[in-house]
Amino acid sequence: MTIGVPGFPAPGRCLVMGVVNVTPDSFSDGGAWFDADKAIRHGHDLIAEGADLVDVGGESTRPGAQRVPLAEELRRVIPVIEALAADGVPVSVDTMRAEVAEAAVAAGARLVNDVSGGLADPDMARVVAAAQVPYVVMHWRGHSHDMYRRAEYADVVAEVRAELHQRVEAVVAQGVDPSMIVLDPGLGFAKRPHHNWTLLAHLGELSDELPILVGASRKRFLGKLLAGPDGHPRPFIDCDDATVAVSALAAAAGAWCVRVHRVRPNADAVRVAAAVHAAQRGETG
Ligand code: PMM
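For clarity, every value in this text was computed on a predicted model and none was experimentally measured.

(A) Seen up close, the overall build of the protein. When its secondary structure is counted, the protein shows nine helices and eight strands. Since a compact globule built from 285 residues should have a radius of gyration of about 19 Å, the 18 Å found for the protein is in line with a globular shape. Projected onto the principal axes, the alpha-carbon positions of the protein cover approximately 45 × 45 × 40 Å. Here the protein holds 285 residues, and 52% of them are scored as buried.

In structure tokens, the structure reads:
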């Protein structure tokens, strides 16, 4: 059973979040939408392809990435969020900074997606609580520049679950409404490939009551799985079919939302998963 989130549709299937990276250096789309007009157009295109919301981010979190100054992050994302929201597009903001989240909500963002789960900025939970918008709390162990150093787990599912629940307790203590929280295992963030596969295999065990978002799209662990005979990982751009497979499996496991770069095939995949689920319940389509 998929658990819902206030303010978002409950269409009886996993939702699809389309990615709009307003960055020059994201590993997954390499600066294609760095220009604001292009980013806005891309957001509309993703909605036309079936996205339920678009996630606008101005800071790359690729492994090894350095931080972007606050003013630059604001300059990148706020005009894009403002324009898309004014056109009625449901927008989330992908940021670790409270000031960016606050400005994004004022510009019309309906959800805050924080890959640090509130750890990067002590003011984030307070801002989200005041804004009364849903909040994605992702599993995170530190900034991208050295995150693989922290990819040590004895039991990755138990540790991610416990660390996420500690974050939930912390942000609820700062005023965030528990019914507004979405959990994310943080695939690729301080995780080796086998950690990501294990988390996907046990998605349903991450929480008994909170909705789950999965971000696997174009990530390196997919490229590594699909390495050719020479052992070189498949380039991220050729990992969209594998992303679709993950979306179908995540949706079948009850995920609330998948975060993806190519929307149409992933929107198809979550509909397939929903049709199978309905048939399992004896409902005919
Ligand atoms: N991954 C990236 C960025 N933001 N947000 C959430 N909630 N979950 C993720 O897994 C996630 C994210 C990195 O991917 P990108 O650079 O291709 O956007």
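(B) Representation of the packing of helix α1 (residues 36-48) against helix α2 (residues 70-86) in the model. Direction vectors running N to C along α1 and α2 enclose 40°, while the axes themselves pass 9 Å from each other. Between α1 and α2, the angle is such that the two are oblique. At the point where α1 passes α2, the crossing takes the right-handed sense. Taken together, the residues of α2 that come into contact with α1 (itself represented by A36, A39, I40, G43 and H44) are P79, V80, A83 and L84. Each residue belonging to the contact of α1 with α2 can be placed in one class, and the counts come to seven nonpolar, two polar and no charged.

(C) Geometry of helix α5 (residues 156-173). The end-to-end C-alpha distance of α5 is 26 Å, a good match for the 26 Å that 18 residues give at a rise of 1.5 Å each. Within α5, the full set of buried residues consists of V156, V157, V160, L164, R167, V168 and V171. Here the buried residues of α5 occupy an arc of 105° about the axis, which is enough to place them on one side. Exposed and oriented more than 90 degrees from the buried face of α5 are Q166, E169 and A173.

(D) Highlighting the packing of aromatic side chains. Taken as a whole, this structure holds two aromatic pairs when the rule is applied. Between F8 and W256, the aromatic rings sit 5.9 Å apart at their centres with planes inclined by 80°, giving edge-to-face as the arrangement. Linking F8 in the segment before β1 (15-21) with W256 in the loop between α8 (240-252) and β8 (257-260), this pair joins segments that are 248 residues apart in sequence. As far as the burial class goes, F8 and W256 line up, both buried. Judged by centre distance (4.9 Å) and plane angle (75°), the rings of W197 and F221 are edge-to-face. Pair noted here: W197 is in helix α6 (residues 193-201) and F221 is in helix α7 (residues 220-225), with a separation of 24 residues, a long-range link. Classification of F221 by relative accessible area gives buried; the value is 3%.

(E) Representation of the pairing of β8 within the structure. Across the two faces of β8 the burial is the same, with C257 and R259 and V258 and V260 all buried. Where β1 meets β8, four bridges bridge the pair, whose relative direction is parallel. Along β8, the bridge assignment pairs V16 with V258. In the sheet, strand β7 (residues 213-214) pairs with β8 via two bridges, with the strands oriented parallel. Across the sheet, residue V214 finds its bridge partner in β8, namely V258.

(F) Examining the sheet that holds strand β4 (residues 111-114) more closely. An order of β6-β5-β4-β3-β2-β1-β8-β7 is seen for the eight strands of this open sheet, with the pairing classed as parallel. The sheet is open, and its two borders are formed by β6 (181-184) and β7, each paired with just one other strand. Relative to β6, strand β5 (residues 135-138) runs parallel, the two sharing four bridges. Bridged to V136 within β6 is V182. The strands touched by α8 within the sheet are β7 and β8, with β8 carrying the most contacts at an inclination of about 170°.

(G) Region of the structure containing the side chain of D55. Inspection of the secondary structure puts D55 in strand β2 (residues 53-57). We classify D55 as buried; its relative accessible area is 0%. At 3.0 Å, the side chain of D55 and the side chain of N113 are in polar contact. For D55, the contacting residues outside a window of four places in its chain are M17, G18, V19, V20, S92, V93, D94, N113 and R259.

Conventions used here
Residues numbered from 1 in each chain as written. Predicted model: local features only at pLDDT ≥ 70, side-chain atom pairs only at ≥ 80, totals over all residues. Heavy atoms only, no water. Helix = DSSP H or I, 4+ residues; strand = E, 2+ residues; numbered from the N terminus. Rg over C-alpha atoms; globule rule 2.2 N^0.38 Å. Buried < 20%, exposed > 50% of the residue type's maximum accessible area, 1.4 Å probe, protein only. Axes fitted to C-alpha atoms, helices over the stretch in contact; angles between N-to-C directions. Parallel < 35°, antiparallel > 145°, perpendicular 65-115°, else oblique. Left-handed = near helix turned anticlockwise from the far one by under 90°. Contact = heavy atoms within 4.5 Å. Nonpolar A, V, L, I, M, F, W, Y, C, P; charged D, E, K, R; others polar. Expected span 1.5 Å × (residues − 1). Arc of directions from axis to C-beta. Phe/Tyr/Trp six-rings, centres within 6.5 Å; stacked < 30°, edge-to-face > 60°. Pairing = 2+ DSSP bridges. Polar contact = N/O pair within 3.5 Å; in protein donor to acceptor, adjacent residues only side chain to side chain.

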